[in-house]
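# Observations on the model geometry
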Amino acid sequence: MNALDQFGGGDRPLPEPRRRPRYSGTHPKSYRQKYKEHDIEAHPELRDHLRAKGKTPVGTHVAVLTEEVLACLTPRPGEVVVDCTVGYGGHASEFIKRIGPAGKLIAFDVDSAELERTRHRLNEEHVPVSFYRSNFAGIANVLNKEKIDGYDVILADLGVSSMQIDNPDRGMSYKQEGPLDMRMDDRLRRTGADFLNGLSEEQLSEALLELADEPDHQEIARRIVAERAARPIARTSQLVQLIFQAKGLTPRAWRQQQRSSKSGLLHPAARTFQALRILVNDELSSLRELLRVAPYCLRPGGRIGVISFHSGEDRLVKQSFREGVRNGLYQSAAREAIVPQAKEIASNPRSASAKFRWAIKPAS
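Residues numbered from 1 in each chain as written. Predicted model: local features only at pLDDT ≥ 70, side-chain atom pairs only at ≥ 80, totals over all residues. Heavy atoms only, no water.

### Describing the overall build of the protein chain
Within the protein chain, the secondary structure is distributed over 17 helices and 7 strands. Counting every position in the protein chain, which comprises 364 residues, the buried fraction comes to 48%. Of the contacts made within the protein chain by residues no fewer than 6 positions apart, 68% connect residues no fewer than 24 positions apart. Split by element, the accessible area of the protein chain, about 19400 Å² in all, is 49% carbon and sulfur. (Helix = DSSP H or I, 4+ residues; strand = E, 2+ residues; numbered from the N terminus. Buried < 20%, exposed > 50% of the residue type's maximum accessible area, 1.4 Å probe, protein only. Contact = heavy atoms within 4.5 Å. Areas by Shrake-Rupley, 256 points an atom, 1.4 Å probe, with all protein chains shown as cover.)

Encoded structure:
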């Protein structure tokens, strides 16, 4: 090799080939090592392999109850649809196929990083799409900005996205070691750690009961207060450990319970993490506001659907839709919540707790 070959004809050497991240074993285990999953569109064979095993590639999300949502909300060509929690864009991409170029999709999300990624994917669909980094409680404020008199379809999927769960830096999963952040919107000032270290024992206990139906709410709250007196609670592993202690469990005993159970058991920390996430993001207040303004944002004959993932959310939706029918704001509403079929749960276990309810505004 001569000097020109070595230096690419200039003064600087050619860059070395980019090396694959190293990890022990035959498969990547940590979030950052799964570099192919972060660029899953370039590796469709890996996506198909993981989905066939009932797994969701990191950096992606599988929309739940998609067929049921489309059947009940019936998006049509030329209609205006608002996706209140666009996330990865799973439901939105299906809406786009049905409303066509004459329709319009309005997408909301508070997660700026995911909203930007989804913007690039959906902008390739050749259908007008407007994106708002905003809480879905603000759907009424957007009507004037968009110069429209209402929406034909409103969908709110209240679940946390897989992208947020899988990223350890977000601190939303009891399975991942990371900081107790839990903010969906990084503009929020208080993190999960701030709430854990600032609320009184009574406030913590009440939140665990009301937001997650946690049976051991008093003991968990007591342990949190005792732990933070010695040192601040800042990591997911700290919180998981004290929850196990509060329930009189060890990780080994929990694994034995899992193996002996015929049906999947809820992780001991699942309810606490859920309650803390809802608290940090003030999710129930946002849902109440959405349910309050929604019937006034729908055009005659418009449809609204809400996918919830815990009993507190579902109760609010059920009550709001039923009162809406009694007061004439809605013509009809779902009598029972629609839940995933066994086939969907097998292919996407994270859909298991989903409940979908819908309502229709009178045509005139």
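### Description of the packing of aromatic side chains
Counted by the stated rule, this structure contains 3 aromatic pairs. Ring centres of Phe 108 and Tyr 132 lie 5.6 Å apart, and the angle between their planes is 25°; this geometry places the pair in the stacked category. Here Phe 108 is found in strand β2 (residues 104–109), whereas its partner Tyr 132 is found in strand β3 (residues 129–133), with 24 residues between them in sequence. Centroid distance Phe 321 to Tyr 330: 5.6 Å. Interplanar angle 75°. Geometry classified as edge-to-face. (Phe/Tyr/Trp six-rings, centres within 6.5 Å; stacked < 30°, edge-to-face > 60°.)

### What to know about the nonpolar core
Counting residues in hydrophobic clusters, the biggest one holds 64 residues, and the most contacted among them are Ile 139, Tyr 151 and Ile 154. The dominant element in this core, judged by the number of residues it contributes, is helix α15 (residues 283–297), at 7 residues. When sequence neighbours within four positions are dropped, the list of residues in contact with Ile 139 reads Val 82, Cys 84, Phe 108, Tyr 151, Ile 154, Leu 290, Val 293 and Cys 297. (Core = buried A, V, L, I, M, F, W, Y, C linked by side-chain atoms within 4.5 Å.)

### Observations concerning unusual backbone geometry
With a phi angle near 55°, Lys 147 is a residue other than glycine that sits in the positive phi range. For Lys 147, the position within the fold is in the loop between α7 (139–146) and β4 (151–157). Residues other than glycine seldom take positive phi values, yet Asp 213 does so here, at roughly 55°. Note that Asp 213 resides in the loop between α10 (201–212) and α11 (217–230). Its relative accessible area of 36% is what places Asp 213 among the partly exposed residues.

### A word on α15
Its 15 residues place the ends of α15 20 Å apart at the C-alpha level, agreeing with the 21 Å of an ideal helix rising 1.5 Å per residue. Where α15 bends most, the angle comes to about 25°, and this point is Leu 291, followed within four residues by the proline Pro 295. For α15, the set of buried residues is Glu 283, Leu 284, Ser 286, Leu 287, Leu 290, Leu 291, Val 293, Ala 294, Pro 295 and Cys 297. The elements touched by buried residues of α15 are α7, β4, α10, α14 (270–281), β5 (298–308) and α16 (311–326). (Expected span 1.5 Å × (residues − 1). Bend = angle between axes of the 7 residues up to and from the residue.)

### Description of the sheet that holds β2
Taken in spatial order, the 7 strands line up as β3-β2-β1-β4-β5-β7-β6 in an open sheet, and their pairing is mixed. The open sheet has two free edges, formed respectively by β3 and β6 (332–333), since each of these has just one partner strand. Direction of pairing for β4 relative to β5: parallel, over a ladder of 6 bridges. Across the sheet, the residue bridging to Leu 155 is Gly 305, located in β5. Sheet strands in contact with α15 are β4 and β5, and its direction is about 150° off that of β5. In the packing of α16 onto the sheet, the strands contacted are β5, β6 and β7 (355–360), and the crossing angle to β7 comes to about 15°. (Pairing = 2+ DSSP bridges. Axes fitted to C-alpha atoms, helices over the stretch in contact; angles between N-to-C directions.)

### Details of a negative patch on the surface
Taken together, the side chains of Glu 201, Glu 202, Glu 206 and Glu 210 present a region of like negative charge at the surface. Topologically, Glu 201 is positioned in helix α10. (Patch = residues over 30% accessible without salt bridge, like charges linked within 9 Å, V, L, I, M, F, W, Y side chains within 5 Å. Salt bridge = Lys/Arg side-chain N within 4 Å of Asp/Glu carboxyl O. Lys, Arg positive; Asp, Glu negative; His and termini not counted. Charge placed at Lys NZ, Arg CZ, Asp CG, Glu CD.)

### Considering the environment of Gly 138
Relative to the helices and strands, Gly 138 resides in the loop between β3 and α7. Looking at Gly 138, the relative accessible area reads 12%, which means it is buried. Spatially, the C-alpha atom of Gly 138 lies 8.9 Å from that of Ser 286, the residues being 148 residues apart in sequence.

### Notes on the confidence of the model for the protein chain
A residue-level look at the protein chain finds 82% of positions with pLDDT of 70 or above and a mean pLDDT of 85. Ranking the elements of the protein chain by mean pLDDT puts helix α1 (residues 3–6) last, at 44, and β7 first, at 98. Below a pLDDT of 50 lies the segment residues 1–9, which in the model reaches 8 contacts outside its immediate sequence neighbourhood of four places, other chains included. Low pLDDT, under 50, characterises residues 33–37; the stretch is placed with 15 contacts to residues that sit more than four places away or in other chains. (pLDDT = per-residue confidence, 0-100.)

### What about the pairing of β2?
Burial runs high along β2: 5 of the 6 residues are buried. Pairing geometry for strand β1 (residues 80–83) and β2, over 4 bridges, is parallel. Note on β2: the bridge partner recorded for Val 80 is Lys 104. The handedness of the β1 to β2 crossover, carried by helix α5 (residues 90–99), is right-handed. Where β2 and β3 come together, 5 bridges link them in parallel fashion. Counted as the bridge partner of Leu 105 is Val 129 from β3. As for the winding sense of the linkage, the β-α-β connection from β2 through helix α6 (residues 112–122) to β3 is right-handed. (Right-handed = clockwise from strand over helix to strand, strands pointing away.)

### Considerations on helix α4 (residues 66–73)
Within the sequence span of α4, burial applies to Glu 68, Val 69, Leu 70 and Leu 73. For α4, the elements touching its buried residues are α5, β4, β5, α17 (342–347) and β7. Two residues or fewer past α4, Thr 74 is found with a positive phi of approximately 40°.

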